Amino acid sequence: MGIPPIISKRQVHSANSLFLARKKRKCLIIAEVAQAHDGSLGMAHAFIDAVAKTGASGIKFQTHIANEESTIEEPWRIKFSLQDETRYDYWKRMEFTEPQWLGLMEHATESGLLFLSSPFSIKAFEMLSRVGVAAWKIASGEIDNEPLIQRMVESGLPLILSTGMSSLEEIDNIVNKILCCQKDLTILQCTSEYPCNPESWGLNMLSTFRSHYGCCVGFSDHSGDIFAGLAAAVLGAEMIEVHITFSKDMFGPDAPASITPAELQKLVQGVAEIERAIGNPVEKSKMASKLSQTRAIFSKSVVTALDLRKGTVLNYSNLALKKPGIGLSPRCFSELIGKKLTRDLSKDSFISESDFE
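All figures in this text were calculated on a predicted structure; none of them were measured in a lab. (Residues numbered from 1 in each chain as written. Predicted model: local features only at pLDDT ≥ 70, side-chain atom pairs only at ≥ 80, totals over all residues. Heavy atoms only, no water.)

K.L.:
What should I look at first to understand the pairing of strand β9 (residues 301–304) in this one?
P.N.:
Here β9 shows no split at all, with S301 and V303 on one side and V302 and T304 on the other all buried. Pairing between β9 and strand β10 (residues 319–322): four bridges, direction antiparallel. Note that in β10 the partner of T304 across the bridge is L319. (Buried < 20%, exposed > 50% of the residue type's maximum accessible area, 1.4 Å probe, protein only. Helix = DSSP H or I, 4+ residues; strand = E, 2+ residues; numbered from the N terminus. Pairing = 2+ DSSP bridges.)

Structure, rendered in structure tokens:
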């Protein structure tokens, strides 16, 4: 049976918010702050304000409790910090208290953003359960953390699964276990490289996950630009998660794999345009009719190449094709050769069917 889930009123509200956001917009765009705040609560709140201005759907953090998830033996992925002797020390410096997390959640919600944060321990899960999140994000490194995932499933909230370092067998194993109990699952194609080159984006996995599991799919982007996200939107991603930074020169390991608020706004606008385009398939015949006046401006007609007298036999040298397209179509050009004019025509006159025998 497992441990009874902790479900707060805030979680129910947040889950409903996620459902409503999905109805309003096909593709949710989530800005991943991760540790870009560098342990500064003020910076974390500043990210909420910046993301809210972009039109993104939500904002996501990571909730670390060093003593619950790490040891001093944990190696650095990139040794970037001059103030933290160990990776454990770094996680310790990234911690916020429960009241601080509550303040971030309330700020995000008041700003119209879905609030999410990945827990990296049971204690972090329990704290976020009390704070309230819109969904549970299973980080790439936690895909085999079945005790943590079980608690997430039992909560009844939507789940988002990142697949950044996992094989298909590992993904298959955990997804099948989740889907036995929880149907609201979004699987994110992700490659845990920072930054991630186009050869490793793995956009092909969107259709693979969708057809294999029959659930929502999305893309977690580490490319450091907006192109991968736009491509994912074209391929029907229901969610795009992208790292955010105030500057590519900022301190921290994720800055090269992140985009700025201005770039995030471009991504949001681009995805909206793509959705409009996909949602409005063009019928070429109807479009041609709609553009008939424009076509007349750009197309050409058969005209006289010089002054011609009545009885002149039309040939290739005394006819020309010129704009606008308000006379006989160029398609009729060869059919006019050998015809006799029934009246005088000056140069650049548009020829009509009544002008020849």
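K.L.:
Could you clarify how one ought to interpret the side chain of S349 in this entry?
P.N.:
Its location among the elements puts S349 in the segment after α14 (333–336). S349 gets classed as buried once you look at its relative accessible area, which sits at 16%. If we skip the residues at most four places from it in the chain, S349 touches V302, V303 and T304. (Contact = heavy atoms within 4.5 Å.)

K.L.:
Is there a simple way to think about the packing of aromatic side chains in this case?
P.N.:
Each aromatic ring pair is summarised here by two numbers: the centre-to-centre distance and the angle between the ring planes. Counted by the stated rule, this structure contains eight aromatic pairs. Ring centres 5.3 Å apart and planes at 70 degrees place the aromatic pair F96 and W101 in the edge-to-face group. Judged by its relative accessible area of 7%, F96 falls in the buried class. Among the aromatic residues, those joined into a ring-pair cluster are F61, F96, W101 and F115. (Phe/Tyr/Trp six-rings, centres within 6.5 Å; stacked < 30°, edge-to-face > 60°.)

K.L.:
How do you make sense of the sheet that holds strand β2 (residues 58–63) when you look at a structure like this?
P.N.:
The pairing of strands in a sheet happens through backbone hydrogen bonds and is either parallel or antiparallel. Taken together, eight strands build an open sheet; the order of strands is β3-β2-β1-β8-β7-β6-β5-β4 and the sheet is parallel. In this open sheet, the two edge strands, each paired with only one partner strand, are β3 (114–119) and β4 (136–138). Ignoring strand direction, the axes of neighbouring strands in this sheet form an average angle of 25 degrees. Where β4 and strand β5 (residues 159–162) come together, three bridges link them in parallel fashion. Its bridge partner lying in β5, W136 is registered against L159. (Axes fitted to C-alpha atoms, helices over the stretch in contact; angles between N-to-C directions.)

K.L.:
Help me understand the packing of helix α2 (residues 41–54) against helix α11 (residues 261–278), please; the structure alone is not making it clear to me.
P.N.:
Relative orientation and spacing of two packed helices are given, respectively, by the angle between their axes and the distance between those axes. At a closest axis distance of 8 Å, the pairing of α2 and α11 adopts a crossing angle of 30 degrees. Accordingly, the angle class assigned to the pair α2 and α11 is roughly parallel. As α2 packs across α11, the resulting crossing turns out to be right-handed. Side by side, α2 and α11 meet where A50, V51, K53 and T54 of the first sit next to P261, L264, Q265 and V268 of the second. In the contact of α2 with α11, the residues fall into five nonpolar, two polar and one charged. (Parallel < 35°, antiparallel > 145°, perpendicular 65-115°, else oblique. Left-handed = near helix turned anticlockwise from the far one by under 90°. Nonpolar A, V, L, I, M, F, W, Y, C, P; charged D, E, K, R; others polar.)

K.L.:
Looking at this model, I keep getting lost on unusual backbone geometry. Mind explaining?
P.N.:
Peptide bonds are, in most cases, trans, and in most cases residues other than glycine have a negative phi. With an omega dihedral of -5 degrees, the bond running from Y194 to P195 counts as a cis peptide bond. Looking at the secondary structure, you find P195 in the loop between β6 (185–190) and α9 (204–213). At A34, a residue that is not glycine, the phi angle is positive and equals roughly 55 degrees. Counting through the fold element by element, A34 comes out in strand β1 (residues 28–34). Non-glycine residue D348 carries a positive phi angle of around 70 degrees.

K.L.:
What is the right way to look at the confidence of the model for the protein chain in this model?
P.N.:
Confidence along the protein chain averages 90 in pLDDT terms, with 93% of residues attaining 70 or more. Long-range and interchain partners of residues 1–7, a stretch whose pLDDT sits below 50, account for 15 contacts in this model, where long-range means more than four residues apart. (pLDDT = per-residue confidence, 0-100.)

K.L.:
Teacher, can you tell me more about the pattern of salt bridges here?
P.N.:
If charged atoms from side chains of opposite charge come close, those side chains can pair. Under the counting rule described, the total for this entry stands at 14 salt bridges. Salt-bridge contacts for E32 lead to K60; the nearest nitrogen and oxygen are separated by 2.7 Å. Within this pair, whereas E32 is found in strand β1, its partner K60 is found in strand β2, the two being separated by 28 residues in sequence. Exposure class is identical for E32 and K60. Each is buried. Close ionic contact of E241 with K137 constitutes a salt bridge, the shortest N to O distance being 2.8 Å. Of this pair, E241 sits in strand β8 (residues 239–243) while K137 sits in strand β4, and the two are 104 residues apart along the sequence. Each member of the pair, E241 as well as K137, is classed as buried. (Salt bridge = Lys/Arg side-chain N within 4 Å of Asp/Glu carboxyl O.)

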